[in-house]
Amino acid sequence: MKKLVLAGIAAIALAGGAALAGEMSDARVADMKGIGGSMKALGDAAKAGGPITPELVETAKKASMLADGMLAKFPAGTAEYRAKPEIWTDWAGFEKSMQDMQAAAKDLVAAAETGEAAKVGAALGAMGKTCGACHDTYRGPKPG
């Protein structure tokens, strides 16, 4: 009986861990899409030549805030969706990639605050490079 109870507790703990991993994966996917959406909105304005409105400055700040919280969305054991195992086997490299994105996002905010579309465009290009470099190494193909 005692073994049966312990097995039940272990099964519940595993199921809870799997649910937490799935929730964390969903949260990071949503935040990555938030960053991408912010970059698209800023890119559309920059391509059109501006103006970079106060709302777009807030959009840049949102991207930066999401980038700042992204590393915490990758705890060990949450390899769901497109996350490659290299994230956890090369944590130092992944952490550096996240830091590069965070720095580029802060530069994007600074560029948006100038109100100059050309500066926003250049900052978006730099941020896009950090995103692409990380995705090339640490993101797998879309499932199915």
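Predicted model only: the values in this text are computed from it and were never measured.

Caption draft 1: Looking closely at the overall build of the chain. Looking only at helices and strands, the chain has five helices and zero strands in total. Across the chain, helices and strands are ordered from the amino to the carboxyl terminus as α-α-α-α-α. Within the chain, the fraction of its 144 residues that count as buried is 35%. Counting only contacts in the chain whose residues sit at least 6 apart along the sequence, the fraction spanning at least 24 positions is 76%. Total accessible area on the chain is roughly 8,200 Å²; 64% of this is exposed by carbon and sulfur atoms.

Caption draft 2: Structural view of the pattern of salt bridges. Inspection of the entire model under this criterion finds seven salt bridges. Across the pair Glu58 and Lys61 runs a salt bridge whose closest N-O atoms are separated by 3.6 Å. In this pair, Glu58 and Lys61 are both assigned in helix α2 (residues 54-70), three residues apart and thus about one turn of the helix distant. On the accessibility criterion, Glu58 (48% relative accessible area) is partly exposed. Via salt bridges that share partners, Glu58, Lys61 and Glu113 belong to a single interconnected network.

Caption draft 3: Inspection of the nonpolar core at higher detail. Counting residues in each nonpolar core, the largest one holds 32 residues, and the members touching the most others are Ile35, Ile52, Met101, Leu108, Val120 and Met127. Sorting the residues of this core by element identifies α1 (2-47), α2, α4 (91-114) and α5 (117-138) as the ones contributing at least two each. In terms of residues, this core owes the most to one element, α4, which gives nine residues. Not counting chain neighbours up to four residues away, the residues in contact with Met101 comprise Ile35, Ala67, Met70, Met127, Thr130 and Cys131.

Caption draft 4: Spatial organisation of the packing of α2 against α4. Their axes nearest at 9 Å, the elements α2 and α4 cross at an angle of 165 degrees. If you check the angle between α2 and α4, you find them roughly antiparallel. As α2 packs across α4, the resulting crossing turns out to be left-handed. Contact residues: α2 offers Val57, Ala60, Lys61, Ser64, Ala67, Asp68 and Met70, while α4 offers Met98, Met101, Gln102, Ala105, Lys106, Leu108, Val109, Ala112 and Glu113. Residues that form the contact of α2 with α4 fall into these classes: 10 nonpolar, two polar and four charged.

Rules used throughout
- Residues numbered from 1 in each chain as written.
- Predicted model: local features only at pLDDT ≥ 70, side-chain atom pairs only at ≥ 80, totals over all residues.
- Heavy atoms only, no water.
- Helix = DSSP H or I, 4+ residues; strand = E, 2+ residues; numbered from the N terminus.
- Buried < 20%, exposed > 50% of the residue type's maximum accessible area, 1.4 Å probe, protein only.
- Contact = heavy atoms within 4.5 Å.
- Areas by Shrake-Rupley, 256 points an atom, 1.4 Å probe, with all protein chains shown as cover.
- Salt bridge = Lys/Arg side-chain N within 4 Å of Asp/Glu carboxyl O.
- Core = buried A, V, L, I, M, F, W, Y, C linked by side-chain atoms within 4.5 Å.
- Axes fitted to C-alpha atoms, helices over the stretch in contact; angles between N-to-C directions.
- Parallel < 35°, antiparallel > 145°, perpendicular 65-115°, else oblique.
- Left-handed = near helix turned anticlockwise from the far one by under 90°.
- Nonpolar A, V, L, I, M, F, W, Y, C, P; charged D, E, K, R; others polar.

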